[in-house]
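The lines below spell out each chain.
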Amino acid sequence: MNNVIETNSLTKKYGKNTVVNSINLHVNKGKIYGLLGRNGAGKTSTMKMILGLSSVTGGEVKLFGSSVKGNQREVYTRIGSIIETPGFYPNLTGTENLNIFARLRGTTKINAVKDALKTVGLPYGDKKHFSSYSLGMKQRLGIANALLNDPELLILDEPTNGLDPIGIAELREVFQKLCSEQGKTILISSHILSEIALIADDIGIIHQGNLLEESSMKQLEQNNEKYIHVCVSSLSAATQTLERQLDIKNYSVEADKSLRIYDTHIAPIDLNKALVMADCGVSTIQMCQDNLEDYFKKITGGVGIA
Amino acid sequence: MHNTISAEFMKIQKNKIFLVCSIIVIASAAVIVIKDLFFIEPPDDYQSWIMNSYVVTTLILGIMSGFVLTFLIQREYEDKTIINVLTAPTSRFRFLMSKLVIWFLWYAGVLLAIEVIYLIGGFLIYQGQFGFEGAKILVISLTKSHMLRFIATIPLLWIAILQKKIFYPSIMAALVFTGIEMTASNMPVQAGIVIPWSAVPLVGIYDVPFPYNTIGIVSIILTSIIGFALSYTSFRMQDQ
């Protein structure tokens, strides 16, 4: 797989406190990677280390297939980012602020600032100072700044903070287009699971500094789709009944020797009857479906997203 | 580097701190001239007048310079623009150098304005006396001493980096440096010449002889090199 971001045992410590513990992240080219975690899980710390804003205590960051060390300027010009609440000069307008950052980046594309502002729905050349912007406008300006130099990789730390539902939906479309039409890679962090579920191709779940899981959304959806959960006395009898008698092949055997049957066209009552008639005792039979939040709770062992 | 410095100029547009600090320094020079021209009997010789002017300039320019540098650094932390600047990307070295350049350009510009005002004042107050010789002494002594002073106060950059959003430590340090400079004439030369901030007037205005002038210049230059090195090291190690 062509990894745009790859971390090997990435670690960050402040004194004795480990905020990021040996994380191995893999962000594939042209995909949207959702980094999920509660507040304080280590999402922003991880992103800061990737961007060189924060020193690395241990491990390595590779961007575009090469180590960042000694290569910073060449690598970081290909990245656009928004970290925490975006910071701009309060006495200047949005356009003036972006002109400054375009100059810093050495952006040569004509109308780069205008195009970036248009993408996020902010006016070009207006007289409103940044200090008068609403939270949503500030966030949009941050995204515009990230898009200024037409980067290959976007690293976005909770970019929809402060946006209303329409604004969130609009930005979701923007990100999806950037990925599907322009082949950009996006690493996006959030604690709004529903948003990530709509947008991400891959996800990583980070909890107390540890990357607990990395998975594609397809795999996750399979894990989360509806299924009939069955606990039986004889696994072999049950699987034979499923395959030969009921022609059900889409099932999995769990570690606790229970069955998850994803072919949910069969009614549980009929399934129960078939298993019992095959001398297979059924102790539990129920329809289930995990949503992403349930899955997240299961993985983190917590009480849900903060 | 050109882009980084150019961006710094763009940042200070519409900025009131720069304007206010410049006005205060330039106005203080103008007040001295007006006072001696119209209200108070000036010293008999222009050399004493130049010395008095230096003392006032030292005080006001020293403090305002501290304000300007503090503002240049502190606003980036306060407004959190430092994250956007560093991810542009801008190297930490270029960031510090661009701040140093802008600070120096402000300092040099204001110093030039002060010297023009004092030149005009010298010619008006000491008509027939001041002449080319007086002008030469004024320009050389003020330029030499204030340029040495700028170099000696580069450690303020380190303090500004360490303090991040807090405003007062670097201002206090600027006051301390200025205070030490102003007490130079009351110190024994052997002690004063080693301390970089008291070495400034000893070398720049009082023109101490060899080897004191060499020791003073070395002390000033070493302080600036160490100050910048500490600034860069601290900034590099700093998590944003």
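This text follows the structure it describes.
What counts as what
- Residues numbered from 1 in each chain as written.
- Chains lettered and ligands numbered in written order.
- Predicted model: local features only at pLDDT ≥ 70, side-chain atom pairs only at ≥ 80, totals over all residues.
- Heavy atoms only, no water.
- 1 Å grid on protein atoms, 1.4 Å probe; cavity = no way out; pocket = protein on both sides within 12 Å on 5 of 7 lines; lining within 4 Å.
- Points joined across faces, edges and corners; volume = space filled by probe spheres on them.
- Helix = DSSP H or I, 4+ residues; strand = E, 2+ residues; numbered from the N terminus.
- Nonpolar A, V, L, I, M, F, W, Y, C, P; charged D, E, K, R; others polar.
- Contact = heavy atoms within 4.5 Å.
- Polar contact = N/O pair within 3.5 Å; in protein donor to acceptor, adjacent residues only side chain to side chain.
- Axes fitted to C-alpha atoms, helices over the stretch in contact; angles between N-to-C directions.
- Left-handed = near helix turned anticlockwise from the far one by under 90°.
- Buried < 20%, exposed > 50% of the residue type's maximum accessible area, 1.4 Å probe, protein only.
- Parallel < 35°, antiparallel > 145°, perpendicular 65-115°, else oblique.
- Pairing = 2+ DSSP bridges.

K.L.:
I'm lost on empty space enclosed by the protein in this one. Help?
P.N.:
The method is simple in principle: a probe with the dimensions of a water molecule rolls over the atoms, and the space it marks as empty is what remains. All told, the structure shown has three cavities of 30 Å³ or more when counted by the stated rule. Estimates place the volume of the largest cavity at around 70 Å³. It is helix H6 (residues 165-180) of chain A that contributes the most residues to the lining of the largest cavity, four residues altogether. Classifying every residue of the lining of the largest cavity by side-chain character gives six nonpolar, two polar and two charged. Its volume calculated, the second largest cavity comes out at about 60 Å³. Elements with a minimum of two residues in the lining of the second largest cavity: helix H3 (46-78) and helix H8 (168-182) of chain B.

K.L.:
Hey, could you run me through the environment of tyrosine 133 of chain A in this one?
P.N.:
All names here are of chain A. With respect to the helices and strands, tyrosine 133 occurs in the loop between helix H4 (112-120) and helix H5 (135-147). On a C-alpha basis, the gap between tyrosine 133 and glycine 94 in space is 8.9 Å, while along the polypeptide they are 39 residues apart. When residues no more than four places from it in sequence are discounted, the contact partners of tyrosine 133 are Gly94, Asp126, Lys128, Lys138 and Leu141. For tyrosine 133, the side chain forms a polar contact with the main-chain nitrogen of glycine 94, separated by 3.3 Å.

K.L.:
How should I be thinking about the packing of helix H9 (residues 235-245) of chain A against helix H10 (residues 268-277) of chain A in this particular structure?
P.N.:
The packing of two helices is summarised by the inter-axis angle and the distance between the axes. Residues and elements named next belong to chain A. Between H9 and H10, the least distance of the axes is 9 Å, while the angle of their chain directions is 115°. Classified by chirality, the crossing of H10 by H9 is right-handed. Side by side, H9 and H10 meet where Ala238, Thr241, Leu242 and Gln245 of the first sit next to Leu271, Ala274 and Leu275 of the second. Class assignment of the residues belonging to the contact of H9 with H10 gives a composition of five nonpolar, two polar and no charged.

K.L.:
Explain helix H7 (residues 155-163) of chain B here, please?
P.N.:
Side chains that are three or four residues apart share a direction in an α-helix, a result of its 3.6 residues per turn. Taken as a whole, H7 of chain B has its buried residues at Pro155, Leu156, Leu157, Ala160, Ile161 and Gln163 of chain B. Downstream of H7 of chain B by one or two residues, lysine 164 of chain B has phi in the positive range, about 55°.

K.L.:
Help me understand the packing of helix H2 (residues 16-39) of chain B against H3 of chain B in this model?
P.N.:
Residue and element names in this part refer to chain B. Running from amino to carboxyl end, H2 crosses H3 at an angle of 170°, the nearest separation of the two axes being 9 Å. With respect to H3, the element H2 is oriented roughly antiparallel. Taking contact as the criterion, the partners of Ile17, Phe18, Cys21, Ile24, Val25, Ser28, Ile32, Val33 and Asp36 in H2 are, on H3, Trp49, Ser53, Val56, Ile60, Leu61, Met64, Phe67, Val68, Phe71 and Leu72. For the contact of H2 with H3, the residue count by class is 16 nonpolar, two polar and one charged.

K.L.:
So what exactly am I meant to see when it comes to the pairing of strand S10 (residues 202-207) of chain A here?
P.N.:
Sheet faces and side chains relate simply in a regular strand, where the side chains alternate between the two faces. All names here are of chain A. Of all six residues that make up S10, six are buried, and the element is covered over most of its length. Residues Asp202, Gly204 and Ile206 line one face of S10 and the alternating positions Ile203, Ile205 and His207 line the opposite face, and both faces are buried. Bridge count between strand S4 (residues 32-36) and S10: four bridges; the pairing is parallel. Residue pairing for S10: glycine 34 is matched across the bridge by isoleucine 203. Across six bridges, S10 lies against strand S11 (residues 210-216) in antiparallel orientation. By the bridge assignment for S11, isoleucine 205 is matched with glutamate 213.

K.L.:
Is there a simple way to think about the sheet that holds strand S14 (residues 259-261) of chain A in this case?
P.N.:
What links the strands of a sheet is backbone hydrogen bonding, and the strands pair in either a parallel or an antiparallel sense. All names here are of chain A. With respect to topology, four strands assemble into an open sheet ordered S13-S14-S12-S15, the strand pairing being antiparallel. At either end of the open sheet lies a strand with only one pairing partner, and these are strand S13 (251-253) and strand S15 (282-288). Between one strand and the next, the sheet's axes are offset by a mean angle of 15°, whatever the strand orientation. Against the sheet, H9 touches strand S12 (227-232), S13 and S14, its axis set at about 15° to S14. Here H10 sits on the sheet and contacts S12, S14 and S15; the angle it forms with S15, its principal contact strand, is near 155°.

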